[in-house]
Number of protein chains: 2
Amino acid sequence: MSKISYVNGRYIAHRHAVVHIEDRGYQFADGVYEVIPIAKERIVDGDAHMDRLESSLSALRIAMPASRTVLNTIIQELIAINGLKNGLIYIQVTRGVAPRDHKFPRLTKSALIMTAKSTKPIARDLLENGVSVITIPDLRWKRCDIKSVSLLPNVLGKQKAIEHGAFESWQVDADGNVTEGTSTNAWIVKDGVILTRPRGPEILGGITRESIITLAIKNGLPLREQAFSVAEAYEADEAFLTSSGNYILPVIRIDEKPIGSARPGRITQNILKIYREYVGLLD
Amino acid sequence: MSKISYVNGRYIAHRHAVVHIEDRGYQFADGVYEVIPIAKERIVDGDAHMDRLESSLSALRIAMPASRTVLNTIIQELIAINGLKNGLIYIQVTRGVAPRDHKFPRLTKSALIMTAKSTKPIARDLLENGVSVITIPDLRWKRCDIKSVSLLPNVLGKQKAIEHGAFESWQVDADGNVTEGTSTNAWIVKDGVILTRPRGPEILGGITRESIITLAIKNGLPLREQAFSVAEAYEADEAFLTSSGNYILPVIRIDEKPIGSARPGRITQNILKIYREYVGLLD
């Protein structure tokens, strides 16, 4: 059976999933999204993703396209129809369709699309050997805490990483501090303490990031929400990145400089084990 | 006859003009656009718009979707089919359709849509009485010289203006200097000299802006491309804004402070007359 997506009230073959060219998502990036992991048919951190969706929409004054109950029902339907075991549910909500004009249209209904994607388990190679990142200037706007589809700088940053043989780009603010990756949060470990940038308009509050902070505290692992510079990252003992798509990946090289022994570190592996148990991938 | 748009090779009734939900314009704002004025069925500054389209695409490494000759033919067709006398041609080009992944897809064909819109003459009231603007912090990314569809901050800024009873928001950088409006360039006149911010990554090089600079020089009007602060704008003798959609509009109030005598200024009116002659609206 062909893959089924959801578009504005209809379940439809993915290849026929279309929106109007004057959907404001297309012409203005006037919308937000969520990527929700599914592990063994179970939604990971569903409530947190819904909270953030509501929060992003609220920041942009876009109406929720449906109640949380309805959104969750659609997610469950997509998991069932597509036979999704492990993968991602993508949700996008925009301010809807209206004749092109920058200002908010009146009386427009929010648009809602959802897609389901099966994913393979994270490659053992990436988990065991880690990945490389490069650093780049952070070109993004000043409200990165809103999970908007205004992702062009993220696209350019990710592409730069790929072309440098790296997995991700860590973006760096004017003060020389790392903000975050283009689709991941950035972490280092120094002298036994896990460090990640505190929430603020410069970063997206990652759901995986939040879960890891909670889990680290619960498991007695020292952690500080504190910005770190590129220089500090080079000198770190360990590093890793996190996202809803890849959970946690060890970082072993930054700008081609080896981090620690250039192997996934002990604390990173500990966090990875704790997190995978939490998600249910190890049971 | 219903309005006809162009979508990826087809002329189609506007209400049926759709793109796939995985068009990268929708999920990543990975595309650019142009808004080309049509005055008396004639394309205004067509070559300059095509130059900028190519330049934006080149900056993002998106392939031209068709040759300039073909693009111009489609524009002419849309003008003819839609019986467009005065109005706007909207062109959007994205990196095309591909399974969602930040990095550039391989082998994807650029997507191309065009729409035609009839517009009424600029309201006499706006031309004769001028408009108000407010100032807001510039939240945008660091490559505003690329005419991308990543317009969310522009949308929010324009909405703020409307809610303050103003026509436009002038965005202000960290140094207190005006960059530009959310869809217009910003100008002041002080001691007989026309001032507008020089081109750079902080502003879009407006086509109307360029034409006005050329026309001012040709007509011996003193003009300097020089950034000005909000404080300087408050103290200006005259102010105006420019765009492809509205050409030139006098600004008579900034943040509710009257500019000069709070009437369209003499130099502004002179520029307006020269520009309207150039566009052919006065012949």
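Please read all numbers here as calculations on a predicted model, not as lab measurements.

Draft legend 1. View of the interface of chain B and chain A. Facing the 55 residues of chain B at the interface are 55 residues of chain A. Across the chain B/chain A interface, buried area totals approximately 4700 Å², and carbon plus sulfur atoms make up 64% of it. The largest contributions to the chain B side of the interface with chain A come from Tyr26, His102 and Leu152 of chain B, which together make up 17% of the buried area. For the interface between chain B and chain A, the tally reads 2 salt bridges. One salt bridge connects Glu163 of chain B with Arg61 of chain A, and the closest N-O pair in it is separated by 2.6 Å.

Draft legend 2. Summary view of the sheet that holds strand S7 (residues 111-118) of chain A. Residues and elements named next belong to chain A. Pairing is antiparallel across the open sheet formed by 6 strands, whose spatial order is S2-S1-S7-S6-S4-S5. Since the sheet does not close on itself, it has two edges, and those belong to strand S2 (10-13) and strand S5 (42-43), each with one partner. Of the pairings in the sheet, the one linking strand S6 (residues 87-94) to S7 comprises 8 bridges and is antiparallel in character. Counterpart to Thr94 in the pairing with S7 is Ala111. Its contacts with the sheet place helix H2 (residues 46-60) against strand S4 (31-39), S5 and S6, and it is angled at close to 175° to S4.

Draft legend 3. A look at the side chain of Ser243 of chain B. All names here are of chain B. By secondary structure assignment, the location of Ser243 is in strand S14 (residues 238-243). At 3.0 Å, the side chain of Ser243 and the backbone nitrogen of Asn246 are in polar contact. Not counting residues within four places of it along the chain, the set of residues in contact with Ser243 comprises Ser183, Thr184 and Thr208.

Draft legend 4. Main features of the packing of helix H2 (residues 46-60) of chain B against helix H3 (residues 68-81) of chain B. All names here are of chain B. The N-to-C vectors of H2 and H3 enclose an angle of 125°; their axes lie 12 Å apart at closest approach. Taken together, the axis directions place H2 and H3 in an arrangement best described as oblique. In terms of crossing hand, the pair formed by H2 and H3 is right-handed. Each of Asp47, Met50, Asp51, Leu53 and Glu54 in H2 lies in contact with H3, whose residues at this interface are Arg68, Leu71, Asn72 and Ile75. Of the residues belonging to the contact of H2 with H3, the class tally is 4 nonpolar, 1 polar and 4 charged.

Draft legend 5. A look at the packing of aromatic side chains. Using the criterion set out here, one finds 12 aromatic pairs over all chains in the structure. Each ring, one from Tyr6 of chain B and one from Tyr11 of chain B, has its centre 5.2 Å from the other, and the planes form 70°; the classification is edge-to-face. Judged by its relative accessible area of 35%, Tyr11 of chain B falls in the partly exposed class. Here a set of aromatic residues connected by ring pairs shows up, and it is made of Tyr247, Tyr275 and Tyr278 of chain A. Against the face of Phe104 of chain A rests Arg95 of chain A, its NZ or CZ located 3.6 Å from the ring centre.

Definitions and limits used
- Residues numbered from 1 in each chain as written.
- Chains lettered and ligands numbered in written order.
- Predicted model: local features only at pLDDT ≥ 70, side-chain atom pairs only at ≥ 80, totals over all residues.
- Heavy atoms only, no water.
- Contact = heavy atoms within 4.5 Å.
- Buried area = accessible area lost by both parts, 1.4 Å probe.
- Salt bridge = Lys/Arg side-chain N within 4 Å of Asp/Glu carboxyl O.
- Pairing = 2+ DSSP bridges.
- Helix = DSSP H or I, 4+ residues; strand = E, 2+ residues; numbered from the N terminus.
- Axes fitted to C-alpha atoms, helices over the stretch in contact; angles between N-to-C directions.
- Polar contact = N/O pair within 3.5 Å; in protein donor to acceptor, adjacent residues only side chain to side chain.
- Parallel < 35°, antiparallel > 145°, perpendicular 65-115°, else oblique.
- Left-handed = near helix turned anticlockwise from the far one by under 90°.
- Nonpolar A, V, L, I, M, F, W, Y, C, P; charged D, E, K, R; others polar.
- Phe/Tyr/Trp six-rings, centres within 6.5 Å; stacked < 30°, edge-to-face > 60°.
- Buried < 20%, exposed > 50% of the residue type's maximum accessible area, 1.4 Å probe, protein only.
- Lys NZ or Arg CZ within 6 Å of the ring centre and 35° of its normal.

Without other data, these values stay purely geometric and don't point to any function.
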